[in-house]
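Next come the chains, spelled out residue by residue.
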Amino acid sequence: MKKITLPVSLIICGSILLGSCQSKSNSSATENNATSNSATSATKPIKIILDSDIGQDCDDAAAMAIMHQFADKGEVEILATMFPMQDPMGAPAMDVINTYYGRPDIPIGTYKGNFKYRGELWDHYNTKLANKFPHDLKTGKDAPDAIALYRQILAKQEDTSVVIVAVGPERLLADLLKSGPDDYSQLSGRDLVKQKVKMLSVMGAGFPKGDEWNIKIAPDASKLVAETWPTPIVYSGNEIGQAIRTGRRLLTEAPENSPVRASFENHPFVDSVTKDRQSWDQTAMLFAVQGTQNNWKLESNGFNNIDETGKNEWRQNTDKDHSYLILNRPAAEVAKVIEDLMVAPPASTKK
Ligand SMILES: [Ca+2]
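Calculation rules
- Residues numbered from 1 in each chain as written.
- Predicted model: local features only at pLDDT ≥ 70, side-chain atom pairs only at ≥ 80, totals over all residues.
- Heavy atoms only, no water.
- Helix = DSSP H or I, 4+ residues; strand = E, 2+ residues; numbered from the N terminus.
- Buried < 20%, exposed > 50% of the residue type's maximum accessible area, 1.4 Å probe, protein only.
- Contact = heavy atoms within 4.5 Å.
- Donors = N, O, S within 2.8 Å, 3.2 Å for Na, K, Ca; no water.
- pLDDT = per-residue confidence, 0-100.
- 1 Å grid on protein atoms, 1.4 Å probe; cavity = no way out; pocket = protein on both sides within 12 Å on 5 of 7 lines; lining within 4 Å.
- Points joined across faces, edges and corners; volume = space filled by probe spheres on them.
- Nonpolar A, V, L, I, M, F, W, Y, C, P; charged D, E, K, R; others polar.
- Polar contact = N/O pair within 3.5 Å; in protein donor to acceptor, adjacent residues only side chain to side chain.
- Core = buried A, V, L, I, M, F, W, Y, C linked by side-chain atoms within 4.5 Å.
- Salt bridge = Lys/Arg side-chain N within 4 Å of Asp/Glu carboxyl O.
- Phe/Tyr/Trp six-rings, centres within 6.5 Å; stacked < 30°, edge-to-face > 60°.
- Pairing = 2+ DSSP bridges.
- Lys, Arg positive; Asp, Glu negative; His and termini not counted.
- Arc of directions from axis to C-beta.

### Focus on the overall build of the protein
Stage number 1. Within the protein, the secondary structure is distributed over 15 helices and 13 strands.
Stage number 2. Counting only residues that meet the buried cut, the protein has 60% of its 351 residues in that class.
Stage number 3. When contacts within the protein are restricted to residue pairs at least 6 apart in sequence, long-range pairs at least 24 apart make up 82% of them.

Here it is in structure tokens:
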């Protein structure tokens, strides 16, 4: 496992390194992310691949909104978006949102395998977005295989430069680890990830223990990733997004032609009275780009153990480079940070 160690002089409690100051000896995930953040403001954007089960819940669309807003600010370079299910409308929905934010040519990969998820899957808004908003990828059948696209893109990047944000089941990540050499790289999937990926930011699991949907609908995948992924993993557990409610302001502040707004308007789990929804996926994206800031602390002294059924538990052992987020300020304050990004128009349309 590649470890990045910052000089002690750079470790400042109260900054984004608060978590590492508090707890652990195995602090490379925190430090690694801190490195990406300090580098971002001074030099180049963070290269992100988003792996999202868009259409199941509307927080996926919101996570894409946040990602694009950070790209508009120059803090993120979006390498690709990946859809881990067979539904042919996931890739078009991603294309809708990428197009809305002025990036219609972002590569989109989709799952081509036969895995049967252990739970019901939905198209709450993918087809509706595709029917209403401009885009040119009409079906996921025309999108490339996500594993091949992961390998193609990773092979071209600088070493230890890519942050993967996974906000759905981890089917693609597990299959990427298991992939073999191809025309893009002679490395195994695991070695390719080890060489090119800096950090994996996951929405999934629960802490100190959980039974969370992203993990349990593909438990073999989540378990394999937790046990063999060769870079730091930072989990935003169920309890993090559960406490942070966003979405209401989309209805009054987002442009009427916003597909992110439409995803919330069409999602049956948005609260009918408050018009809010939990913010699970946005938190993994926010952390991936900005680190802990004042929003979170990190628990890194231990590892996330996932069993065959998808139940997880944090165990006190430091043999893996895992961390999980702990809320560090009132949830409403983090909600404002997230919702400001969700409702803002694309840079291309700002006056
Ligand atoms: Ca999701």
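There's plenty left to go through after this.
### Some words on the coordination of the calcium ion
Stage number 1. Looking at the calcium ion, one finds its protein donor set to be D53 (OD), D60 (OD), D60 (OD), V167 (O) and D281 (OD), positioned 2.3 to 2.5 Å from the metal centre.
Stage number 2. Considered as a linear motif, the donors of the calcium ion on their single chain read D-x6-D-x106-V-x113-D. Within this pair, whereas D60 is found in helix α3 (residues 59-72), its partner V167 is found in the loop between β4 (162-166) and α7 (171-178), the two being separated by 107 residues in sequence. Both residues of the pair, D60 and V167, belong to the buried class.

### Structural notes on the confidence of the model for the protein
Stage number 1. Residues at a pLDDT of 70 or more form 87% of the protein, whose mean pLDDT is 90.
Stage number 2. The lowest-confidence element of the protein is helix α1 (residues 18-22), averaging 31 in pLDDT; the highest-confidence one is β4, averaging 99.
Stage number 3. In this model residues 1-41 is a low-confidence stretch, pLDDT under 50, and it forms 84 contacts with partners more than four residues away in sequence or in other chains.

### Looking at the layout of surface pockets
Stage number 1. What the largest pocket holds in volume is close to 280 Å³.
Stage number 2. Lining the largest pocket are 16 residues, and of these D57, E212, W213, N214 and W280 lie nearest its centre.
Stage number 3. Elements with a minimum of two residues in the lining of the largest pocket: α3, α9 (213-216) and α14 (280-290).
Stage number 4. Residues that form the lining of the largest pocket fall into these classes: 6 nonpolar, 3 polar and 7 charged.

### Here's the deal with the environment of E333
Stage number 1. The residue E333 is located in helix α15 (residues 331-343) in this model.
Stage number 2. You can call E333 partly exposed: its relative accessible area is 36%.
Stage number 3. Spatially, the C-alpha atoms of E333 and N295 are 8.4 Å apart, while their sequence positions differ by 38 residues.
Stage number 4. Engagement of the side chain of E333 in a polar contact is seen with the side chain of R329, the distance being 3.0 Å.

### Things to note about the nonpolar core
Stage number 1. The biggest cluster of nonpolar side chains holds 102 residues, and the ones touching the most others in it are I49 and W229.
Stage number 2. Setting aside residues up to four positions removed in sequence, I49 forms contacts with L79, A80, M82, Y150, I153, L154, V162, V163, I164 and V165.

### Some thoughts on the pattern of salt bridges
Stage number 1. Under the definition given, this model contains 19 salt bridges.
Stage number 2. Residues D220 and R171 are paired through a salt bridge, measuring 3.1 Å at the closest nitrogen-oxygen approach. In this pair, D220 sits in helix α10 (residues 219-228) while R171 sits in helix α7, placing the two residues 49 residues apart along the sequence.
Stage number 3. Residue classification places D220 among the partly exposed positions, given a relative accessible area of 38%.
Stage number 4. A relative accessible area of 3% means that R171 is categorised as buried.

### Looking at the packing of aromatic side chains
Stage number 1. This structure, assessed with the given rule, holds 8 aromatic pairs.
Stage number 2. Seen from their ring centres, F207 and Y235 are 5.8 Å apart, and the 55° between their planes marks the pair as tilted. Of the two residues, F207 is situated in the loop between β5 (197-203) and β6 (209-210) and Y235 in strand β7 (residues 233-236); the sequence distance between them amounts to 28 residues.
Stage number 3. Accessibility expressed as a relative area gives 1% for Y235, which makes it buried.
Stage number 4. Between F207 and W314 the ring centres are 5.9 Å apart and the planes differ by 80°, which places this aromatic pair in the edge-to-face class. A residue pair is termed long-range when its members are at least 10 positions apart, and F207 in the loop between β5 and β6 and W314 in strand β12 (residues 312-315) qualify at 107 residues. In this pair, the class of F207 matches that of W314, namely buried.
Stage number 5. Every member of this aromatic cluster is reached through a ring pair, and the members are F207, Y235, W314 and Y324.

### Observations regarding the sheet that holds strand β11 (residues 303-306)
Stage number 1. Read from one edge to the other, the open sheet built from 3 strands follows the order β6-β12-β11, with strand pairing classed as antiparallel. This sheet does not close on itself; its edge strands, each paired only once, are β6 and β11.
Stage number 2. As judged from the 4 bridges shared by β11 and β12, these two strands associate in the antiparallel manner. Residue pairing across strands places I306 opposite N312, the latter belonging to β12.

### Regarding the side chain of D276
Stage number 1. With respect to the secondary-structure elements, D276 resides in the loop between α13 (259-265) and β9 (277-278).
Stage number 2. The side chain of D276 is buried and forms no salt bridge, while R248, the nearest opposite charge, is found at 4.7 Å.
Stage number 3. A polar atom in the side chain of D276 sits 2.9 Å from the backbone nitrogen of R248.

### Digging into helix α8 (residues 189-196)
Stage number 1. Taken together, the buried positions of α8 are G189, L192, V193 and K196. Down the axis of α8, the smallest arc covering the buried residues is 100°, so these residues share one side.
Stage number 2. On the buried face of α8, the contacting elements are α6 (146-156), β4, α7 and β5.

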